[in-house]
Amino acid sequence: MASFKERWNIKSNWQVFVILVVFAVTGSSSALLSKPVLELFGIVKGDVSNWIYYPLYIILIFPIYQVLLVSFGFIFGQFTFFWAFEKKMLKSMGLGFLFSDKKNPE
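These numbers come from a predicted model, not from an experiment.

1. Observations regarding the nonpolar core
- Counting 19 residues, the largest nonpolar core has Ile19, Phe23, Phe81 and Phe82 as its most contacted members.
- If you list the elements that add at least two residues to this core, you get helix 2 (13–40), helix 3 (50–75) and helix 4 (79–92).
- Top element by residues in this core is helix 3. It accounts for 8 residues.
- Leave out the neighbours within four places in its chain, and Phe81 touches Trp8, Ile10, Ile19 and Phe23.

This is the structure we're talking about:
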């Protein structure tokens, strides 16, 4: 637990617990919400090939997860942590252009 607190710059064990709960809830929720979103677009598991359905399902989980992570972080009072986490994760994936750098406006 100390390594989490040190690496994430977290003050209390309670905050670590809340952050881990948010990660768990977000992962489960994004997986559950992806199926109805696919159905909304007319992509149903029995109607299309598994070679099409599952890659689309996995690709769709990613943006839903990103939105839910910040949303649940806000609900659980950890918005600052999850917003910083989100920016760091997207920058490491090469999507840093989505966030403007206020320190170096050019």
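Still more ground to cover, so stick around.
2. Quick look at the side chain of Gln78
- Locating Gln78 in the fold gives a position in the loop between helix 3 and helix 4.
- Overall, Gln78 belongs to the buried group, its relative accessible area being 13%.
- Not counting residues within four places of it along the chain, the set of residues in contact with Gln78 comprises Gln15, Val18, Ile19 and Gly73.

Cut-off values and rules
Residues numbered from 1 in each chain as written. Predicted model: local features only at pLDDT ≥ 70, side-chain atom pairs only at ≥ 80, totals over all residues. Heavy atoms only, no water. Core = buried A, V, L, I, M, F, W, Y, C linked by side-chain atoms within 4.5 Å. Buried < 20%, exposed > 50% of the residue type's maximum accessible area, 1.4 Å probe, protein only. Helix = DSSP H or I, 4+ residues; strand = E, 2+ residues; numbered from the N terminus. Contact = heavy atoms within 4.5 Å.

What is shown is where atoms sit, not what they do.
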